[in-house]
Each structure stands twice: as C-alpha cells, then as structure tokens.
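Tertiary structure, described
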Amino acid sequence: MRNAWQTLFAWLDERLGLHSLYQNLLDRPEPRGNWWNTLGSASLFLFLLQVATGIFLTVYYNPSPDHAYDSIQYIMNEVAFGWLIRGIHHWGASLMVLVVFIHMLRTFVTASYKYPRELTWLVGVGLLLLTLGMGFTGYLLPWHQMAYWATTVGTQIAGSVPFVGEFILKALRGGPDLSALTLQRFFAAHIWILPALMFALIGLHLYLVIKHGESHFPDKDD
Amino acid sequence: MNPETRQKIHEKYERELQRGERFWPDSIFKDAIMALAIFILLILLATFAGVHDSPKADPSDTSYVPRPEWYFLFLFKFLALYAQIPVLGKIEWIATALIPGLALGVLTVLPFVDKSPRRYYAKRALPLGIMGILVWGMLWLTILAEYPTVASDGSRVPGILQAIAGILLPLLAYTAFAVIAYTLKERAPRAILFTGLGAGALMAGFSLLSMALYPPSHKETVEHPTGLVDQIVAGQDLYSIHCLECHGEDGSITVIQGVPGLEGKVISPINSRDVLYTVNDASMAQIIAYGRPDSGMPPFGKAYNPEGLTRAEIDYIIAFMRYSWDDRYEKPEIKPLYPPLGAYEVPSYEVHIAPIVKRYCLSCHRPGKDSNDYFMDTYENILHSGDNGDRNVLAGDETSFLLQVIQGQPILNPDGSEEIGVMPPSGTLKPEVIEVFHRWVLMGMPRTAEEAARLTWPAP
Ligand code: HEM
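It is worth spelling out the confidence of the model for chain B at this point. Residues and elements named next belong to chain B. Summarising the model, chain B shows a mean pLDDT of 88, and 96% of its residues fall at 70 or more. At the low end of the mean pLDDT range in chain B sits helix α9 (residues 244–247), at 81; at the high end sits helix α5 (residues 125–144), at 96. Among the prediction metrics, the complex's ipTM stands at 0.94, with pTM recorded as 0.71.

Here it is in structure tokens:
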C-alpha cells in the first residue's frame, strides 16, 4: 500500500512535473570535476546570501544623509543579531568579489569559454561587472567618511572619460557634488536595478551551463 | 570553426561524460560543503573581525584620505603610479578610461578573439601568460597600495620602483610574449613560460625592494567610538576641550567669567530644559557648527574652523549633553575614567595614567602632531620621548617638567620666553587628575597595578 507521502508526491508530480525536473536538472551526467568546479555555485550561494541579508538590512536602513549613519549604528548596536547580519553582508560582499573573480580565472585557465560556451563567458563578464557595481554602490550606503570620500574619488574617475565624462559624473551623483540625491541613487541601484539585472543574467548563465554541461578539464588531446 | 572540429569537440565531450560523475549527488555534495564552509567563514569574520566603520561622512572635512574597498585598491595605486610618468601622466583619461576599458573589452570579446579549439594548458601559453602577468600585477599593486608613492622626504624613488614593478615590467613582458609567439612558433610555450616567470620574479623583487626601503608612513590610527557609551565618553572629552570654558563642566554657567571678550556675559544654561527641550538634535548640531556669532559663541564646524569638529564629533557632544542633562534620556552606566584613588593608594600606568593621558593629552601628543615630539602613546614614550625627554618625567622629582606644566607653571627659556606652555594648553586639569600624576611621578612611575600595590602614599 502506498503511504500518504507517496500519494502526495504522485499528486504533485502529475501537476508540477517533479520527476522530469529531477531528471533534467539534477540527474545529469557530468565530466569528472574537482573543487574548482564549486566556485560558480559558491558565487550563487553568496549572491543569495547577500540578497537575504540585504533584505533584512533594508528593514532598518534609511537612505538619507541625516539618518543613514545612525540607522546603521542602530542595526549594529540595538537590533538583535543586527551586527551578525550586517557582518555577514559586509564580509560576504568582499568574499563574493573574490570568489567570482577566481571563478572567472578558473574558466579562463581551463579555456571553458571556447566553443560552445562563448555566451556563458559573455554573460559571466556582465556578472563580474554587476558584482563590482554592487560593491561600489553598497560601499557608499553607510555614509561614513571613508565611503563618502572614496565615492567622491571613484565618481571623479568615471568623470574623467573624454567627452561623456561630465555626463556620467552628473548621472552618478545626481548633481555636481555628492548629496542626498547620490545616496538615493546608489541605494536604488544597489537594491533594485543591479540585483534585478543580476537575477536575469544569473538565470541566463545557469541555463547556458545546464544546456552545454560543464566543460571537462582539458587533457593533452584538447 | 569548421563542422568537423565542432563534431570532434562534441564527441570528445560525450566520452568525458561516459567516464564522469552525476550532478546529483556527486557535484552537489561538493557544492554544499563549499557553501557551508563559506557560511561558517562569514559568521566567524562577522563575529571576530566585525565591521570597521569610520566616523560619519563630513563633506567639509576635505583632509580625509579616501580609501576604496580593497578590491579597487589596485586601480587607485595604478592611477597614482601612472600620474607620475612624465608627459603621458598628465593625460588622465588614458589611465582612468582607456586602459581599464581596453582590458575589459579584451575580456569581453575573448571567446571571439581566441577562437582556436585548443584547450590544453601547454598549447595556450600566450593567453595564460598574459592573464598570469595581469593578475600578478594586480596582486602587487594591491599590496603596494599601503605604501607611499612619494617618500616622506620627497624622494620619488619608491614611486619609480613601484612603477617598474607594476607598469613597466608587465609591458615589457607583453612585448616579449608577442615577439616570442611570432618568431618561435612551435617552441614558443617554453620560452613564454620562462619569460613570464622571470618577469613575475622581477615584479615581486622591485615591489619588495620598494616596500623594504620605504615602509608605510606611520598612519594616524584614531580610534573612533562605536557603541553609545563610547560615544558619550568621547563627547564628554570633546566637550571638556571645547566648551567648558564658557558653559562650565556641567553646562550650568549663566555668567561667563575669565573668557576675554565675553567677560560677564549672561547666557542661558545649556543644561536646562529651556534649551534641551526646545532645541532638537539637528538644530543643536547647527548651533555648534555655526556658533552664535552675534552673541559670541565661535563656530566649531570644520567648514568654518579648520581646527574644528567633524560632524561625527559634534554628534558625540550632543549625545553627551542629552544623556547627561536631558531628563528624557536614561544615561547608560558609564565606568569612571579611572577608579578613584584611596587615601594611601599609588596609581599605576595601566589603570590610571593610560586612560587619563588618552582623554586629556593624546589628542596632541602623538606622531604627526606638533608637540615637541613628546609622544604619550606608550609607557616608554611617556618616560623618555620629547625634546626634553630627560627632564619631563623624573622619578620622585617635583621639578619634572610634566608636573610643573600641568600645575600652571610654564617652563621658561633663559631669556624669559616660554619654552613649554601650561598643559593642557586650554583649560586646566581637575585637581584629582593632577594628584594622580603627582603621586605617580613621586612614587617612581609604577607600570602595573601590582607594582603600584606594593607602594603606599606618601613614601615613608
Ligand atoms: C554572480 C556571478 C556568477 C555566478 C553566480 C556564476 C555561476 C556559475 C555556475 C553555478 C557555473 C557552473 C559551475 C562552475 O563551473 O563553477 C558557472 C559556470 C561558468 N561560468 Fe559562471 N558565474 C558567475 C560569474 C561568472 C564570470 C564573471 C565568468 C567569466 C567572465 C563566468 C564564466 C563561466 C563559464 C565560462 C562557465 C562554464 C564553465 C564550464 O562549463 O566549465 N561566470 N557559473
């Protein structure tokens, strides 16, 4: 006799196609891999962790020059486990840049970007830029001295591009100087625009990885 | 790429799959372990390393040295080194836009440039060599970011050494790679490998040389308070330095005395409800920053007074005022600066002098500040540093310069001019604090609490 779980599973499977999902997504053959292959999924894990901790932070964070700093202090000192969540988000950002970069290096070294995985690489470059963009926009949010002046210089650098520099500078800062508008802009980019793009590109990236399968480590015949 | 090559690639891949593993559970298992390790690492970092915030942003404090996230440091250093190249260095956008843009562009179109189907490492010496030098260079530039480009004596040598390591050698290596790849063809990989290793070793060598010869300039490590208690204490320190002479220790002064120009001026006590209830934090910060020029209170904001207070410091003062005087705020328990001395007790450096010096003296007596090179940051320095290091602190000697100047007696030159003014230069220490210094010096400057406990005051 089938127990209740099996019945439930059969019911769901018929409607959701769980079994074919399992076959297509999980029960796939792969070339023999090693720990270098975990870096992509580690990037994914870090991204999801950043999303989760980031959502928590937005509950208390206030993106205005008057209150941003204090709201972070509040998270660190008053909110239960706020220090832990912020700590994870802070260090997770650094680690994500590192892991994504090493992931890129590994796909470069094993020449995984070659036929038929050219687009996987292309999307990957987009992801690298977005990751750095997240780091850059997130750094300003605590509105402390280091962030303020580093961003002043950072946007200045972007502003030195010939011809369009002036425009880029204004677009980033929302005016000639860093102001409440800049903070608002960086906040919007950090929690809406860049993550939305990242979700889209990660989806595409993973689709391509599954479609072509992971590349094998090259040997003398390759 | 012709259809046969593609066919061959697919056939090879199929064979690899045959002798491979399953995504579930083999790969997922490793992925899960990796994720767990990362998670644990992050919790450890968050708990033990914490997050280091600097003080609140202050647009008027342009003296602040900006420091980007560590993963952009290599770019900062690259720009600094590039800027000192003669002529070319003046064209800023080559370094800020063109070179990073080119690097990114190459990375983007890489699969469409490097179209050969060869994947084995030994057959790809050129791209691996280029990437290797690039990453190696980024690494050294990141490390060098802590080190000065121009030495403290104005010498340009460190910058030149670093530019050789971070710009010139990579360029030479790339040129060599290109020449080798063109001329040697079949035998190129080996030559590229050795050229790359050689260039890498030289890059490391020049970086290390510059690091050894020109260590980082002593950074001003100003601790800045994070918790509420620390902020209130910091606010009290700042208040006693800047506000005390007019408003009094507890903000109760109604008639200013002893301040030139304001003698006898009647003011409202700033610890009263009248002031605290009607002025909110934002207006309070403005009053402190702009002062009350019409009534005689000077501006304290950095924007109006280069010696003034940063935005964060003003906030600490406000926290101190609120939690000490405003009855709507409950003051958290704050430990006294040092445990009060018993009648026969002898103070020690560790328990008494160190916190007192930190609150009343260290703001001026540390490296980078002009105070006769008398650094009070360590026990040894308090005893021996300074232009008058042999006279400042003498065991059992009432004429120690330190004791004289904190008791309102300046040290005079033979011609009658002041060699050392009274300390601290504005305001005077509380009698109990002076007593701590006094007993400490007369009893021979005990360092630890145990040493001090063996002594009794006064000496028999
Ligand atoms: C948020 C950032 C990223 C995420 C979440 C991500 C995720 C993944 C995952 C899960 C895989 C499969 C497992 C593996 O091979 O490690 C993968 C493969 C791959 N990724 Fe990424 N990736 C990211 C960034 C990048 C970047 C920056 C590049 C390169 C510019 C890149 C290029 C590739 C390539 C070429 C593959 C195929 C590797 C193969 O088939 O062997 N990815 N990525």
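Right, let's talk about the environment of B:Thr378 for a bit. All names here are of chain B. Its place among the elements puts Thr-378 in the loop between α13 (349–360) and α14 (379–384). Taking the C-alpha atoms as reference, Thr-378 lies 8.1 Å from Ala-354; in sequence the two are 24 residues apart. Within polar-contact distance, the side chain of Thr-378 engages the backbone nitrogen of Asn-381 at 3.1 Å.

Next up on the list: the nonpolar core. With 34 residues, the main nonpolar core has A:Leu46, A:Met104, A:Trp121, A:Met198 and B:Leu42 as its most contacted residues. Among the elements that line this core, the one with the most residues is helix α5 (residues 82–109) of chain A, at 9 residues. With near-sequence residues (within four places) excluded, A:Leu46 lies in contact with A:Gly92, A:Leu95, A:Met96, A:Val99, B:Ile38 and B:Leu42.

Attention shifts here to the coordination of the iron atom of the ligand. Residue and element names in this part refer to chain A. Each protein donor to the iron atom of the ligand is listed here as His-103 (NE2) and His-205 (NE2); together their distances run 2.0 to 2.2 Å. Around the iron atom of the ligand sit 6 donor atoms; with metal-centred angles ranging over 85 to 179°, the donor geometry is octahedral. Of this pair, His-103 sits in helix α5 while His-205 sits in helix α9 (residues 180–212), and the two are 102 residues apart along the sequence. Here His-103 matches His-205 in class, with each residue buried.

With that out of the way, let us pick up a nonpolar patch on the surface. Judged by side-chain polarity, B:Leu88, B:Ile91, B:Trp93, B:Leu98, B:Ile99 and B:Leu102 come together as a nonpolar surface patch covering roughly 510 Å² of accessible area. Structurally, B:Ile91 is set in the loop between α3 (73–83) and α4 (92–113).

So, on to the site of the ligand. All names here are of chain A. Taken together, 26 residues sit near the ligand, with His-103, Arg-106, Gly-124, His-205 and Ser-215 positioned nearest. Between His-205 and the ligand, the recorded distance is 2.8 Å, taken from a side-chain N or O atom to a nitrogen atom. Between Glu-214 and the ligand, the recorded distance is 3.4 Å, taken from a side-chain N or O atom to an oxygen atom. Listing elements by their share of the shell around the ligand, those giving two or more residues are α3 (38–60), α5, α6 (118–140) and α9. Split into classes, the residues belonging to the shell around the ligand amount to 11 nonpolar, 12 polar and 3 charged.

Following the criterion strictly, the structure yields 24 aromatic pairs over all chains and no others. The interplanar angle of 85° and the centroid separation of 5.8 Å between the aromatic rings of B:Trp136 and B:Trp140 together place this pair among those described as edge-to-face. Here B:Trp140 and B:Trp136 lie together in helix α5, a separation of 4 residues that amounts to about one turn. Put simply, the rings of A:Phe136, A:Phe186, B:Trp70, B:Tyr71 and B:Phe72 pair up and form one aromatic cluster. The ring of A:Trp11 has A:Arg15 sitting right over it, with the charged end atom 4.0 Å from the ring centre. For B:Arg328, the ring lying beneath its charged end belongs to B:Tyr277, and the centroid distance is 4.1 Å.

The rules behind the values
- Residues numbered from 1 in each chain as written.
- Chains lettered and ligands numbered in written order.
- Predicted model: local features only at pLDDT ≥ 70, side-chain atom pairs only at ≥ 80, totals over all residues.
- Heavy atoms only, no water.
- pLDDT = per-residue confidence, 0-100.
- Helix = DSSP H or I, 4+ residues; strand = E, 2+ residues; numbered from the N terminus.
- Polar contact = N/O pair within 3.5 Å; in protein donor to acceptor, adjacent residues only side chain to side chain.
- Core = buried A, V, L, I, M, F, W, Y, C linked by side-chain atoms within 4.5 Å.
- Buried < 20%, exposed > 50% of the residue type's maximum accessible area, 1.4 Å probe, protein only.
- Contact = heavy atoms within 4.5 Å.
- Donors = N, O, S within 2.8 Å, 3.2 Å for Na, K, Ca; no water.
- Tetrahedral: all angles 85-135°; square planar, octahedral: opposite > 155°, others 65-115°.
- Patch = residues over 30% accessible without salt bridge, like charges linked within 9 Å, V, L, I, M, F, W, Y side chains within 5 Å.
- Areas by Shrake-Rupley, 256 points an atom, 1.4 Å probe, with all protein chains shown as cover.
- Salt bridge = Lys/Arg side-chain N within 4 Å of Asp/Glu carboxyl O.
- Near = heavy atom within 4 Å.
- Nonpolar A, V, L, I, M, F, W, Y, C, P; charged D, E, K, R; others polar.
- Phe/Tyr/Trp six-rings, centres within 6.5 Å; stacked < 30°, edge-to-face > 60°.
- Lys NZ or Arg CZ within 6 Å of the ring centre and 35° of its normal.

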